[in-house]
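# A look at the structure
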Amino acid sequence: MNRQSTSVNQSHTLQTRLVIPPDTNHIETIFGGKVLSYIDEIAAISAMRHCNKVVVTASIDSVNFVGAAKVGDILILEAFVSSTGRTSMEVYVKVYSENLLEKVKKVTTTSFLTMVAVDEQGTPTEVPLVVPETEEQKWLFQTSQQRREQRKKTVNQDAPLVKHK
Ligand SMILES: CC(C)(COP(=O)(O)OP(=O)(O)OC[C@H]1O[C@@H](n2cnc3c(N)ncnc32)[C@H](O)[C@@H]1OP(=O)(O)O)[C@@H](O)C(=O)NCCC(=O)NCCS
């Protein structure tokens, strides 16, 4: 049976947050772990929008903190499904910080996550294919196979560690 195809636009998700003091360190920039939890949440929402199923995070394979967000900044998170396997979805997340007083907006974080659709028993289940639309989405789609292979290598490298309790 032919698999359904869905535009990237279906999973495109935006979230806006305010950086407040409890989320920051002693130099008033946001904790990396806080940003990571936002990234994980938006990636799950984006993946669920793509497949309309329950999803779990299988891996977060890179998180690059290229800039800092300070107290009072606005964090804007953008996510979409950039490619799919049979049951897994690669989700690309980009985080911007915006200083509304200075009218400055910059990218602070980029990340790739793998989310897997599961059924009631937690068994991986098939997801629709994704169709990229924009130049950025097409580039991410075209380069996804390389990242998938790299991910497999990492999982294989870590396998002996998983066995040791
Ligand atoms: C993710 C999970 C469902 C995979 O189950 P599994 O029995 O290993 O299933 P499979 O080997 O059939 O893999 C299913 C898909 O997940 C992918 N996958 C599995 N482990 C992966 C990993 N570490 N990183 C990236 N992708 C992974 C596989 O490549 C496969 O993708 P495909 O169907 O698109 O080819 C299972 O390991 C799990 O439930 N993990 C816990 C998830 C969780 O609780 N996350 C929250 C944070 S703790």
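Residues numbered from 1 in each chain as written. Predicted model: local features only at pLDDT ≥ 70, side-chain atom pairs only at ≥ 80, totals over all residues.

## A short note on the overall build of the protein chain
Each helix and strand counted, the protein chain has 3 helices and 7 strands in total. Relative to the globule expectation of 15 Å for 165 residues, the C-alpha radius of gyration of the protein chain, 17 Å, shows essentially globular dimensions. The principal-axis extent of the C-alpha atoms belonging to the protein chain is close to 55 × 45 × 30 Å. Taken over 165 residues, the protein chain has a buried fraction of 29%. Within the protein chain, contacts between residues at least 6 apart in sequence are counted, and of these 75% link residues at least 24 apart. (Helix = DSSP H or I, 4+ residues; strand = E, 2+ residues; numbered from the N terminus. Rg over C-alpha atoms; globule rule 2.2 N^0.38 Å. Buried ≥ 20, exposed ≤ 12 C-beta atoms within 10 Å, placed from the backbone. Contact = placed C-beta atoms within 7 Å.)

## Focus: the site of the ligand
In the vicinity of the ligand there are 15 residues, among which Ser-59, Gly-85, Arg-86, Thr-87 and Ser-88 approach most closely. For the shell around the ligand, the elements supplying multiple residues, two or more each, are strand 3 (54-65), strand 6 (104-118) and helix 3 (144-163). It is strand 3 that contributes the most residues to the shell around the ligand, 4 residues altogether. Residues belonging to the shell around the ligand are distributed by class as follows: 6 nonpolar, 7 polar and 2 charged. (Near = placed C-beta within 6 Å. Nonpolar A, V, L, I, M, F, W, Y, C, P; charged D, E, K, R; others polar.)

## Notes on the pairing of strand 6
As defined by bridge partners, strand 3 adjoins strand 6 across 10 bridges and the pair is classed as antiparallel. Bridged to Val-63 within strand 6 is Ser-111. Relative to strand 6, strand 5 (residues 88-99) runs antiparallel, the two being bridged by 12 bridges. Each bridged residue has a counterpart across the sheet, and for Val-95 the counterpart in strand 6 is Thr-109. (Pairing = 2+ DSSP bridges.)

## Some thoughts on the sheet that holds strand 3
Ordered by their spatial adjacency, 5 strands build an open sheet running 2-4-5-6-3, and the pairing between neighbours is antiparallel. Each of the sheet's edge strands pairs with one partner strand only, and the pair in question is strand 2 (13-18) and strand 3. Between one strand axis and the next, the sheet turns through 25 degrees on average, direction left out of account. When strand 4 (residues 74-84) meets strand 5, the two strands line up antiparallel, connected through 10 bridges. Among the inter-strand pairings, Ile-74 is bridged to a residue of strand 5, identified as Glu-98. (Axes fitted to C-alpha atoms, helices over the stretch in contact; angles between N-to-C directions.)

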